[in-house]
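This is what each chain is made of:
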Amino acid sequence: MLPFPASLSSRRPTGSRHYRSTRDILLTRARITNLGFGLLVAFAAFSFVLNLTYYFSKEHAYVHEGPYASPRGIWDTLPRQHALEDVDHLIMVPGHAIWKGTTADARLDESQWVLESYQRGGGRVAAFNRHISTAAELAHGDEHSLLVFSGGQTRQTSTTTEAESYMRLARISALLPPTPSSGTLRATTEDHALDSFQNLLFSLARFHEYTGRWPTRITVVGYEMKRRRFTELHRAALRWPAERFEYVGIDAEGDTEAARQGELQNGYMPYTEDMYGCHSLLLSKRRARNPFIRFHSYYSSAPELGAVFNWCPGRADGGQTAIFPGPLPWDHGSK
């Protein structure tokens, strides 16, 4: 055994030739080991900070196991059926008014609808009925489809939503697609949308909430004069593939050039300047259509869309028309 360095031998107690203090050990033979240990500690601390940053980042904050996921007690109450496993086609009808009738005979009676003044006359109510019946017919023809009526509780004088009233009318009129032997209904409501962009976005979320999966195809049945708004703006804002998006347009028979110009000035053009409808004019419309102060559940049931729900681009993002840059469930095909 080699002798201890002379500088250290004077420090050890005279009664023990083999005594070495912890400090002596750390200062001599373990210098290289201590350096390695220190590097490991530094690396572990850096890794910990990096993981915290990732955990609370936008992209990670909206996954099922994250802090925004619904409690298990909620998911346990959802009786999803195997019959929905093959459903991959979203057929959506955006609501425009609220039907308050109770019999199918009253479906064309304007007094049985909660309407804005500009919606009276001109065949608007008949157009709403055609939107419902056409979408239902499409759902009948595709057993892999889910029919979603979309529209919130937008009218101060009504206690129900646009979507619920459309669904009720479709049921009373025996238009809904047949229920399979499993008892699962291939039609539902999306009860929170306050404008056309939310009709599309929230219906995607509701599809996921209802089926547990994302659609691979979308068909929207609405006004022909709103075709460009949906196909060129809303679809593009959500980066949904054009080849998997179809729009069925049905205008009211009494619609005039003035109505189409009104859509251009009050609908299409504002969205060309505010793609997500979250600034000034379009935001004020949403607030005016939410008299009962409702908000949706989709942060929990469709957490993959959490970041796009919050996307409201401004100057720092490249302007109000900047497309959402984050990941979306349909980037590499839906499932």
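Along every chain, residues carry numbers that run from 1 in the direction the sequence is written. Confidence filtering applies because this is a predicted model: local features only for residues at pLDDT of at least 70, side-chain atom pairs given and counted only at 80 or more, and all residues used for totals across whole chains, interfaces and linings. Hydrogen atoms and water are omitted, and side-chain values are computed over all heavy atoms in the structure.

Visitor: Give a detailed account of the pairing of strand E5 (residues 187–190), specifying residues and quantitative values.
Guide: Each residue is placed in one exposure class: buried if its accessible area under a 1.4 Å probe, protein chains only, is under 20% of its type's maximum, exposed if it is over 50%, and partly exposed if it falls in between. Numbering of helices and strands runs from the N terminus, with a helix taken as a DSSP run of H or I at least four residues long and a strand as a DSSP run of E at least two residues long. Of the two faces of E5, the one lined by Ala187 and Thr189 and the one lined by Thr188 and Glu190 are each fully buried. In this analysis, strands are considered paired if DSSP registers two or more bridges between them. Taken together, the four bridges between strand E4 (residues 145–150) and E5 define a ladder with parallel strand orientation. If you follow Phe149 over to E5, its bridge partner there is Thr189.

Visitor: Got a sec to walk through the nonpolar core? Specific residues and values, please.
Guide: Only buried residues count toward a nonpolar core, which is a set of Ala, Val, Leu, Ile, Met, Phe, Trp, Tyr and Cys residues joined through side-chain atoms within 4.5 Å. Ranked by size, the top nonpolar core spans 73 residues in total, and within it Trp113, Leu147, Phe149, Tyr276 and Leu305 carry the most contacts. Considering each element in turn, this core owes the most residues, eight residues, to helix H7 (residues 196–211). Look past the residues within four positions of Phe149 in its chain and what remains in contact with it is Val93, Ile132, Ala163, Tyr166, Met167, Ala170, Leu176, Thr188, Thr189 and Glu190. Note on contacts: a residue pair qualifies if any of its non-hydrogen atoms lie within 4.5 Å across the two residues.

Visitor: Break down the environment of Ala97 for me, citing the residues and quoting the values.
Guide: Within the secondary structure, Ala97 is located in the loop between strand E1 (89–94) and strand E2 (98–99). Along the primary structure Ala97 and Ala163 are separated by 66 residues, whereas in three dimensions their C-alpha atoms are 8.9 Å apart. Every residue in contact with Ala97, bar those within four places of it in the chain, is listed here: Trp113, Val114, Leu115, Gln119, Phe128, Arg155, Glu162, Ser165 and Tyr166.

Visitor: I'd like a rundown of the packing of aromatic side chains, residues and numbers included.
Guide: Any aromatic ring pair is given by two values, namely how distant the centres are and how the planes are angled relative to each other. To pair, rings of Phe, Tyr and Trp, with the six-membered ring standing in for Trp, must have centres within 6.5 Å; the planes then decide the type, stacked if under 30 degrees apart, edge-to-face if over 60, and tilted in the middle. The full count for this structure, using the stated rule, is twelve aromatic pairs. Ring geometry for Phe128 versus Tyr223: centroids 6.4 Å apart, planes at 65°, classification edge-to-face. With Phe128 in helix H5 (residues 124–141) and Tyr223 in the loop between strand E6 (217–222) and helix H8 (227–237), this residue pair connects regions lying 95 residues apart in the sequence. Judged by relative accessible area, Phe128 falls into the buried class, the value being 0%. Take Tyr223: its relative accessible area is 3%, and that puts it in the buried class. Aromatic ring contacts, followed pair by pair, group Trp113, Phe128, Phe149, Tyr166 and Tyr223 into a single cluster.

Visitor: Tell me about helix H6 (residues 162–172), and name the residues and values.
Guide: By the burial criterion, the buried members of H6 are Glu162, Ala163, Ser165, Tyr166, Met167, Leu169 and Ala170. At its buried positions, H6 is contacted by E1, E2, strand E3 (113–114), H5, E4 and E5. Once H6 finishes, Ala174 follows within two positions and takes phi at roughly 55°, a positive value.

Visitor: Any details on the sheet that holds strand E7 (residues 245–249)? Residues and values, ideally.
Guide: Note: strands within a sheet are paired through backbone hydrogen bonds, in either parallel or antiparallel orientation. If you trace the five strands from one edge of the open sheet to the other, you get E5-E4-E1-E6-E7, paired in parallel fashion. Bordering the open sheet on either side are E5 and E7, each of which pairs with just one other strand. Along the sheet, successive strands turn relative to each other by an average axial angle of 20°, direction set aside. Convention adopted: a line fitted to C-alpha atoms gives each axis, helices being fitted over their contacting stretch, and angles between N-to-C directions are expressed from 0 to 180 degrees. Along the sheet, H8 makes contact with E1, E6 and E7, crossing E7 at roughly 160°.

Visitor: Help me get a handle on helix H9 (residues 257–273), residues and values and all.
Guide: Each helix should span, by expectation, one fewer than its residue count multiplied by 1.5 Å. With 17 residues, H9 extends 23 Å from end C-alpha to end C-alpha; this agrees with the ideal 24 Å at 1.5 Å per step. For H9, every residue scored as buried is listed here: Ala259, Glu263, Gly267, Tyr268, Pro270 and Tyr271. Buried-residue contacts for H9 involve H5, H7, H8 and helix H10 (280–288).

Keep in mind these numbers describe shape, not what the thing actually does.
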